[in-house]
Amino acid sequence: AKSAVALKQAFIATPGAPASDIEVGVYISRGGGDPAAWHFDNNHNITIQVYGSKDWLYTPGPPLAMASRALTDLPHDAVSQSRPIPSTSRSSPDVRCISLRP
């Protein structure tokens, strides 16, 4: 956890960096496990794959939510309520895939 805190502090100390938009987390999963449900993140994500591989599906575009939430959760603010929910079909032209490997 010390290195995660150091990473966050480095972003905060960098002029022009989105200091209020930094979260550092560590996620571990087993191969063949259930994928995470579609959700909105209202922060930037930097991902480093240290072992194995992962396909990360996402839809690019402007922020769709003022707060992070699951795609199936009802939005709590007018801005989020006014925006359409993007298609999550893997065959949709709006869905992009990044294959992560060390």
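Quantities reported herein were computed from a predicted structural model and do not represent experimental measurements.

A. Representation of the overall build of the protein chain in the model. Secondary structure summary: the protein chain contains two helices and four strands in total. Listed N to C, the secondary structure of the protein chain is α-β-β-β-α-β in terms of helices and strands. Going through the 102 residues of the protein chain one by one, you find that 12% of them count as buried. Partitioning the intrachain contacts of the protein chain with sequence separation of at least 6 by distance along the chain shows that 62% fall at a separation of at least 24. Accessible surface computed for the protein chain: about 8300 Å², of which carbon and sulfur atoms make up 57%.

B. Broad picture of the environment of G25. You can see G25 is positioned in the loop between α1 (2-13) and β1 (39-40). Sequence separation of G25 and V5 is 20 residues, and the distance between their C-alpha atoms is 9.7 Å.

C. A look at a nonpolar patch on the surface. A cluster of nonpolar residues, I46, I48, V50 and Y51, forms a patch on the protein surface that exposes about 570 Å² of accessible area. Examined against the element boundaries, Y51 turns out to sit in the loop between β1 and β2 (54-58).

D. Up close: the environment of P60. Tracing the backbone shows P60 in the loop between β2 and β3 (69-70). When its relative accessible area of 46% is taken as the criterion, P60 is described as partly exposed. Leave out the neighbours within four places in its chain, and P60 touches D94 and R96.

E. Just the confidence of the model for the protein chain, in detail. Here the protein chain averages 75 in pLDDT, while 81% of its residues score no lower than 70. Averaged pLDDT values for the elements of the protein chain fall to 72 in β3 and rise to 87 in strand β4 (residues 96-100).

F. Summary view of the pattern of salt bridges. Counted by the stated rule, this structure contains one salt bridge. Of the charged contacts in the structure, one is a salt bridge between R90 and D55, with a shortest N-O distance of 3.4 Å. Here the residue R90 occupies a position in the loop between α2 (78-81) and β4, and D55 occupies one in strand β2, the gap between them amounting to 35 residues.

G. Representation of the side chain of Q49. Structurally, the position occupied by Q49 is in the loop between β1 and β2. Of the polar contacts made by the side chain of Q49, one reaches the backbone oxygen of Y51; its length is 2.9 Å. Leave out the neighbours within four places in its chain, and Q49 touches K54, L100, R101 and P102.

Reading guide: rules and limits
Residues numbered from 1 in each chain as written. Predicted model: local features only at pLDDT ≥ 70, side-chain atom pairs only at ≥ 80, totals over all residues. Heavy atoms only, no water. Helix = DSSP H or I, 4+ residues; strand = E, 2+ residues; numbered from the N terminus. Buried < 20%, exposed > 50% of the residue type's maximum accessible area, 1.4 Å probe, protein only. Contact = heavy atoms within 4.5 Å. Areas by Shrake-Rupley, 256 points an atom, 1.4 Å probe, with all protein chains shown as cover. Patch = residues over 30% accessible without salt bridge, like charges linked within 9 Å, V, L, I, M, F, W, Y side chains within 5 Å. Salt bridge = Lys/Arg side-chain N within 4 Å of Asp/Glu carboxyl O. pLDDT = per-residue confidence, 0-100. Polar contact = N/O pair within 3.5 Å; in protein donor to acceptor, adjacent residues only side chain to side chain.

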